[in-house]
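Each chain, written out:
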Amino acid sequence: MSLPEILQTPLTVPVVASPMFIASGPALVSAQCQAGVIGSFPALNARPASQLSDWLDEITESNAAYAAANPDAIVAPFAVNQIVHRSNARLDEDLATIVEHRVPIVITSLGARPDVNEAVHSYGGIVLHDIINDEFARKAVERGADGLIAVAAGAGGHAGTLSPFALVQEIREWFDGPLLLSGAIAHGRSILAALAAGADFAYVGSAFLATDEANVVDGYKDMVVDSRADDIIYSSTFTGVHGNYLRKSIEVHGLDPANLPKPTSGPNPLSGGLGEVKAWRDVWGSGQGIGSVASRGTVAETVDRLAAEYHAAREGLLERVGALVRTS
Ligand SMILES: Cc1cc2nc3c(=O)[nH]c(=O)nc-3n(C[C@H](O)[C@H](O)[C@H](O)COP(=O)(O)O)c2cc1C
C-alpha cells in the first residue's frame, strides 16, 4: 500500500515529532514543521478548549508565512493528538474544532473509536493510532484507523514493553499501511533502524524536550541533557498507566524510585499523581533515548543533527553491509 498523500510530503528526515503533554505548543510545532519534520501537539495542551482554534490558526499562519518567505524550504504538515479516554471530557468539543479546521493528521491514543475516525475522514484527514501490542493494532485498524504508531519499549510518556523488532514485525505480517515506530529514538542512526525494521517513519518525542521551543521549565531541559537510559524509571504509580519518567524528578520529591507505591486510583493518564506530586508537572516524562541529547538548543539544530546522523548512518551501513555480506 502506498502512503496517503499527506504522508508523501518530502521531509528533512523521516520523522513525526510526537505530541507531548504540557511540552508541545504552537512554538514547538511550528518550529518542527519549519525544520521539515511533521510536528504535533495534544489538543488538551490548549487551555481552555476555546484556545485550540487559536493555536490551529497560529500554526497554520506561521507555517504559511515561513513557506512564502522561504520558497525552497521544506515545511511539513502538522498533527493534533486526541486522548480518546473517558477521562478526557473535552473530546467532542476538540473534535468539532479539528473538523472545522480540517486538521490534516489526527493522532489518537489510549482508545480507538470509529466515530472519531469517521469525523476525521469526513473532510479527508487521516488518523494514526498509537498502540503497544499487535492485539491493539488489529483493533485500531478494524475501527478505522489509517495508520499505526507502534510504541515500543523505552518510549517517553505512557510506554509499552515490547521490543521494537518484535512489535513492528508482528504488525507488518498483516498491515502494509502507514506505520510509525517510537521508543527511545533520539539519534539519526535509530531513525534509519526504524525504517530498516519495517516502519515508514520514526516517531520522536523526548529528543525535543531540551529544545528552546519546548514548553517545559529549564530544570527539566537540563535534566534531559544530564540523564541517560539508566536514569529512566518505568512506573504506573503516578497515572495508573505504565510510563517512563526521569529518576531525578522522582527523587527530588523524597520518593524512592525503587520502592514506589502501587497506584491508588485511576487510570488517570492526564491529571494523576501521588498526593501533591503531580504527574507531568512535577514528575517529568522522558524516554530512554536521551543519552543522545548532549546539549540544549533549537528545534532546527536538533533536526539538523538527526538528519546529519541519519545520512552518515545510511552511508556507513551501505559500506559495512557491502563488506560483510557476499551477494554472489
Ligand atoms: C513528556 C511527555 C509527554 C507525552 N504526552 C503525550 C500525550 O499527551 N499524548 C500522546 O499521545 N503521547 C504522549 N507522549 C508519548 C509520545 O507521544 C511518544 O510515544 C514518545 O515520546 C516516543 O518516545 P520517545 O520520547 O522516547 O521519543 C508523551 C511523551 C513524553 C516524553
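Scroll up to find the structure.
Not measured: the values here are computed from a predicted model.

**As for the overall build of the protein chain**
Phase 1: Looking only at helices and strands, one finds 10 helices and 13 strands in the protein chain.
Phase 2: Compactness check: the protein chain gives a C-alpha radius of gyration of 19 Å against a globular reference of 20 Å for 328 residues, within 12% of the reference.
Phase 3: By principal-axis analysis of the C-alpha atoms, the protein chain measures approximately 60 × 45 × 40 Å.
Phase 4: Within the span of the protein chain, comprising 328 residues, buried residues form 48% of the whole.
Phase 5: Look at the contacts in the protein chain between residues 6 or more apart in sequence, and 68% of them connect residues 24 or more apart.

**Section: the nonpolar core**
Phase 1: Within the largest apolar cluster, 95 residues are counted, with the highest numbers of intra-cluster contacts made by Val15, Val37, Leu148, Ala150, Leu180, Leu181 and Ala202.
Phase 2: Each residue touching valine 37, except ones within four places of it in the same chain, is listed here: Leu11, Thr12, Val13, Val15, Val16, Ala17, Gln32, Ala76 and Val303.

**Quick word on the sheet that holds strand β2 (residues 39-42)**
Phase 1: In spatial order, the strands read β1-β9-β8-β6-β5-β4-β3-β2; together these 8 strands make up an open sheet with parallel pairing. Across the chains shown, the open sheet's two edge strands, defined by having one partner strand only, are β1 (15-17) and β2. Within this sheet the neighbouring strands show an average axis-to-axis angle of 25 degrees, counted without direction.
Phase 2: Two elements, β2 and strand β3 (residues 78-83), share 4 bridges in a ladder whose sense is parallel. Within the sheet, the bridge partner assigned to proline 42 lies in β3 and is asparagine 81.
Phase 3: Helix α6 (residues 164-172) contacts β6 (147-151) and β8 (179-182) of the sheet and is inclined by roughly 160 degrees relative to β6.

**Brief notes about the site of the ligand**
Phase 1: If you check the shell around the ligand, you find 25 residues, and the closest are Gly156, Gly157, Gly205, Gly285 and Gly287.
Phase 2: Residues that form the shell around the ligand fall into these classes: 11 nonpolar, 13 polar and 1 charged.

**Comments concerning helix α8 (residues 218-226)**
Phase 1: Turning to α8, its buried residues are Lys221, Met223 and Val224. The buried residues of α8 all sit within an arc of 160 degrees when viewed along its axis, so they share a single face. Along α8, exposed side chains directed more than 90 degrees from the buried face belong to Asp218, Gly219 and Asp222.
Phase 2: If you follow the buried residues of α8, they end up packed against β11 (243-246) and α9 (247-251).

**As for the sheet that holds strand β10 (residues 232-235)**
Phase 1: Strand order in this open sheet of 3 strands is β7-β11-β10, and the pairing throughout is antiparallel. Edge strands, defined here as strands with exactly one partner in the open sheet, are β7 (157-158) and β10.

**Thoughts on unusual backbone geometry**
Phase 1: With an omega of 0 degrees, the peptide bond between arginine 47 and proline 48 qualifies as cis.
Phase 2: By the secondary structure assignment, proline 48 is in the loop between β2 and α2 (51-69).
Phase 3: Unlike most non-glycine residues, tryptophan 280 shows phi in positive territory, near 75 degrees.
Phase 4: Judged by local crowding, tryptophan 280 falls into the buried class, with 22 C-beta atoms found within 10 Å.

**Quick word on the environment of valine 13**
Phase 1: Position of valine 13 relative to the elements: it lies in the segment before β1.
Phase 2: Since 23 C-beta atoms lie within 10 Å of it, valine 13 is described here as buried.
Phase 3: In sequence terms valine 13 and aspartate 304 are 291 residues apart; their C-alpha atoms lie 8.8 Å from each other.
Phase 4: Among residues more than four places away in sequence, those in contact with valine 13 are Val37, Gly188, Ile191, Val303, Leu306, Ala307 and Tyr310.

**Regarding the packing of helix α1 (residues 26-35) against α2**
Phase 1: Contact geometry of α1 with α2 gives a least axis separation of 10 Å together with a crossing angle of 30 degrees. Judged by the angle between their axes, α1 and α2 are roughly parallel. Here the hand of the crossing between α1 and α2 comes out right-handed. Across from Pro26, Val29, Ser30, Cys33 and Gln34 in α1, the residues of α2 making contact are Trp55, Glu58, Ile59, Ser62, Asn63 and Tyr66.
Phase 2: Tallied by class, residues from the contact of α1 with α2 come to 6 nonpolar, 4 polar and 1 charged.

**Observations regarding the packing of α1 against helix α10 (residues 299-324)**
Phase 1: The N-to-C vectors of α1 and α10 enclose an angle of 40 degrees; their axes lie 9 Å apart at closest approach. Classed by the angle they form, the pair α1 and α10 counts as oblique. The handedness of the crossing between α1 and α10 is right-handed. Residue-level contacts link Leu28, Ala31, Gln32 and Ala35 of α1 to Val299, Ala300 and Val303 of α10.
Phase 2: Each residue belonging to the contact of α1 with α10 can be placed in one class, and the counts come to 6 nonpolar, 1 polar and no charged.

Rules used throughout
Residues numbered from 1 in each chain as written. Predicted model: local features only at pLDDT ≥ 70, side-chain atom pairs only at ≥ 80, totals over all residues. Helix = DSSP H or I, 4+ residues; strand = E, 2+ residues; numbered from the N terminus. Rg over C-alpha atoms; globule rule 2.2 N^0.38 Å. Buried ≥ 20, exposed ≤ 12 C-beta atoms within 10 Å, placed from the backbone. Contact = placed C-beta atoms within 7 Å. Core = buried A, V, L, I, M, F, W, Y, C linked by C-beta atoms within 7 Å. Pairing = 2+ DSSP bridges. Axes fitted to C-alpha atoms, helices over the stretch in contact; angles between N-to-C directions. Near = placed C-beta within 6 Å. Nonpolar A, V, L, I, M, F, W, Y, C, P; charged D, E, K, R; others polar. Arc of directions from axis to C-beta. Parallel < 35°, antiparallel > 145°, perpendicular 65-115°, else oblique. Left-handed = near helix turned anticlockwise from the far one by under 90°.

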